[in-house]
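These are the residues of each chain, in order.
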Amino acid sequence: MSKTPKLTVLFEKFRGQIFNLEKDTITIGRRDDMDIVLKDASVSGHHADIIRTEQDGEVTYTLRDNGSTNGTRVNNQQITEHILKNSDLITFGNVEVLLDGGMDEITETADFSHLTHTIDISALEENTTAPQTLSNFNPMAAQEAKRNAAVQKNLYRTLLLIAIGMVGLAGLVFYRIFSSK
């Protein structure tokens, strides 16, 4: 017994919204003419498509990124095209959704390896430290870092110009004081 699969939004701004995957091709994006509209700046106008195909009685759903600006991820892995499985965690830009149902029902022998990431810490050196930023978890982190660097650079330029102006003003004041004697 197969039920219609659905996407449940986990992203705070739209949390709880549910979209049934009833059509053969479902468009996802920020534009109003999409089947699934996600009004968030991190989502492209036509971000991705989900394509339903049936072959030999088996139904599959393929997620295809449409060259979106901030990318599409499945279980935290960047994709361009991916065959979806029940319980896949999908991220469009910064908007996270969960695929629920419609695929093969979960059994005791189901493979959950795509949901688990294991780190072997036995190979780490004794003085290993965590990275300062976890930019691989935030697709916007690189852009934010560039923007912050540009702001900092402009701040330094402004402070330099103010300092040059103050030195020039002090020189003018000293010139007036000593030239009048």
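The coordinates are above.
Residues numbered from 1 in each chain as written. Predicted model: local features only at pLDDT ≥ 70, side-chain atom pairs only at ≥ 80, totals over all residues. Heavy atoms only, no water.

**Things to note about the overall build of the protein**
- Assigned secondary structure in the protein consists of one helix and eleven strands.
- Put simply, the protein runs from its N terminus to its C terminus through helices and strands in the order β-β-β-β-β-β-β-β-β-β-β-α.
- Counting the 181 residues in the protein, one finds 29% classified as buried.
- Look at the contacts in the protein between residues 6 or more apart in sequence, and 38% of them connect residues 24 or more apart.
- Roughly 12900 Å² of accessible area belongs to the protein as shown, and the carbon and sulfur atoms make up 55% of that amount. (Helix = DSSP H or I, 4+ residues; strand = E, 2+ residues; numbered from the N terminus. Buried < 20%, exposed > 50% of the residue type's maximum accessible area, 1.4 Å probe, protein only. Contact = heavy atoms within 4.5 Å. Areas by Shrake-Rupley, 256 points an atom, 1.4 Å probe, with all protein chains shown as cover.)

**Let's talk about the side chain of T72**
- Here T72 shows up in strand β7 (residues 72-74).
- Within the structure, the side chain of T72 is placed 3.2 Å from the side chain of H47, a separation counted as a polar contact.
- A polar atom in the side chain of T72 sits 2.5 Å from the side chain of D65.
- Not counting the four nearest positions on each side in its chain, T72 is found in contact with H47, A48, L63, D65, Q77, Q78, I79, I90, T91 and F92. (Polar contact = N/O pair within 3.5 Å; in protein donor to acceptor, adjacent residues only side chain to side chain.)

**Details of the sheet that holds strand β5 (residues 48-55)**
- In space, the five strands of this open sheet follow the order β4-β3-β5-β6-β9, with mixed pairing throughout. One side of each edge strand has no neighbouring strand; the edge strands of this open sheet are β4 (36-37) and β9 (81-83).
- As defined by bridge partners, strand β3 (residues 25-29) adjoins β5 across four bridges and the pair is classed as antiparallel. Bridged to T27 within β5 is D49. (Pairing = 2+ DSSP bridges.)

**Some details on the sheet that holds strand β11 (residues 95-100)**
- An order of β2-β1-β11-β10-β7-β8 is seen for the six strands of this open sheet, with the pairing classed as antiparallel. A single partner strand is all that each edge strand has here, and the edge strands are β2 (18-20) and β8 (77-79). Strand-to-strand twist of the sheet, defined as the mean angle between neighbouring strand axes without regard to direction, takes the value 30 degrees. (Axes fitted to C-alpha atoms, helices over the stretch in contact; angles between N-to-C directions.)

**Topic: the pattern of salt bridges**
- Within this structure, the stated rule accounts for eight salt bridges.
- Note that K23 and D35 form a salt bridge whose closest N and O atoms lie 2.8 Å from each other. Residue K23 is found in the loop between β2 and β3, and its partner D35 is found in the loop between β3 and β4; the two are separated by twelve residues along the sequence.
- In this structure, K39 and D32 form a salt bridge, with 2.8 Å as the shortest nitrogen-oxygen distance.
- For K39, a relative accessible area of 41% puts it in the partly exposed group. (Salt bridge = Lys/Arg side-chain N within 4 Å of Asp/Glu carboxyl O.)

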